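Secondary and tertiary structure notes
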Amino acid sequence: MSSPDDRKRPNILITGTPGVGKTSFASMIAEKLNMHHANVGEVIKEKKCYLEYDESLNTHVLDEDKLLDTLEIDFDTDKISGGIVCDYHSSELFPERWFDLILVLRTSTEVLFDRLTERGYNEKKRNENMECEIMGIVLEEAKESYAPEIVQELTNNTIDEMDENLARVEAWYKQWMQERE
Ligand code: ADP
Ligand code: MN
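Below is a short write-up of the structure.

Conventions used here
Residues numbered from 1 in each chain as written. Chains lettered and ligands numbered in written order. Predicted model: local features only at pLDDT ≥ 70, side-chain atom pairs only at ≥ 80, totals over all residues. Heavy atoms only, no water. Buried < 20%, exposed > 50% of the residue type's maximum accessible area, 1.4 Å probe, protein only. Helix = DSSP H or I, 4+ residues; strand = E, 2+ residues; numbered from the N terminus. Pairing = 2+ DSSP bridges. Patch = residues over 30% accessible without salt bridge, like charges linked within 9 Å, V, L, I, M, F, W, Y side chains within 5 Å. Areas by Shrake-Rupley, 256 points an atom, 1.4 Å probe, with all protein chains shown as cover. Salt bridge = Lys/Arg side-chain N within 4 Å of Asp/Glu carboxyl O. Lys, Arg positive; Asp, Glu negative; His and termini not counted. Charge placed at Lys NZ, Arg CZ, Asp CG, Glu CD. Expected span 1.5 Å × (residues − 1). Arc of directions from axis to C-beta.

Right, let's talk about the pairing of strand S6 (residues 101-106) for a bit. Burial of S6 is extensive: 6 of the 6 residues sit out of reach of the surface. Burial of S6 is two-sided: the residues Leu 101, Leu 103 and Leu 105 facing one way and the residues Ile 102, Val 104 and Arg 106 facing the other way are all buried. In terms of strand pairing, strand S1 (residues 12-15) meets S6 through 4 bridges, oriented parallel. Note on S6: the bridge partner recorded for Leu 13 is Ile 102. Examined bridge by bridge, S6 and strand S7 (residues 151-155) share 5 bridges and lie parallel to one another. When the bridges of S7 are listed, Ile 102 appears paired with Val 151.

Encoded structure:
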């Protein structure tokens, strides 16, 4: 079983409200640092980690056990000792030991409005997500679920900010590796 002490490379979770740029940023990190990108939303769809369809909420109910079993193959194996960058809008469901860094992306209300509109979200869904972002729900969840020193908030409104954020993660990664040489 992989624990923070014996992995050879760090695992990173990118979290945040839908539309803040998790998937874009995670794929940049994966490319730059040659990490494995696990887009958890896609894993859920591909492996059908659903319990049932909730008509009233117009959404599938997540089968958390199945999802964790599926992801565990990547996380708790000796063959892939770290080097995973995960992206998901929630963080509390994962075992704490899986991650060495939790990045919470944040986006301003106007920018998020435009991104969610472009994505074709209806008004109700857009408003729900904007409210979630304004209230900092995802950051709060991350802070409650992981050690405060590994949770970092990053502003991600522009491409320049994303580049700055990437440079920060790269520096963090190098330091993590050096400390374990
Ligand atoms: P999430 O995975 O959090 O839902 P995405 O990565 O799919 O978000 O990004 C949502 C939209 O915002 C996409 O159209 C993406 O191209 C755009 N986007 C993401 N990050 C930035 C950024 N830093 N600057 C400008 N546009 C961005
Ligand atoms: Mn995404």
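Further remarks concern a negative patch on the surface. A cluster of acidic residues, Glu 64, Asp 65, Asp 69, Glu 72, Glu 92, Glu 140 and Glu 144, forms a negative patch at the surface. Elements with a contribution of two residues or more to the negative patch: helix H3 (64-75) and helix H6 (137-145). Ranked by the residues each element gives to the negative patch, the list is headed by H3, at 4 residues. Considering the arrangement of structural elements, one finds Glu 92 in the loop between strand S5 (84-87) and S6.

An ideal rise of 1.5 Å per residue puts 30 Å on 21 residues; helix H7 (residues 159-179) measures up with 30 Å between its terminal C-alpha atoms. Buried residues of H7: Met 162, Asn 165, Leu 166, Val 169, Trp 172, Tyr 173 and Trp 176, and no others. Within H7, the buried residues cover an arc of 130° as seen down the axis, which keeps them to one side. Relative to its buried face, H7 has exposed residues pointing more than 90 degrees away, namely Asp 160, Glu 164 and Gln 178.

Counted under the stated rule, the structure contains 7 salt bridges. Here Glu 133 and Arg 106 are joined by a salt bridge, their closest N and O atoms 2.8 Å apart. Residue Glu 133 is located in helix H5 (residues 123-135), and its partner Arg 106 is located in strand S6; the two are separated by 27 residues in the primary sequence. In this structure Glu 133 comes out as buried when scored by relative accessible area, which is 5%. Judged by relative accessible area, Arg 106 falls into the buried class, the value being 18%. Across the pair Glu 153 and Arg 106 runs a salt bridge, and its minimum N-O distance is 2.9 Å. Of this pair, Glu 153 sits in strand S7 while Arg 106 sits in strand S6, and the two are 47 residues apart along the sequence. Residues joined by salt bridges that share partners form a network here, namely Arg 106, Glu 133 and Glu 153.

Fair warning: the whole summary comes from geometry, so function is off the table for now.
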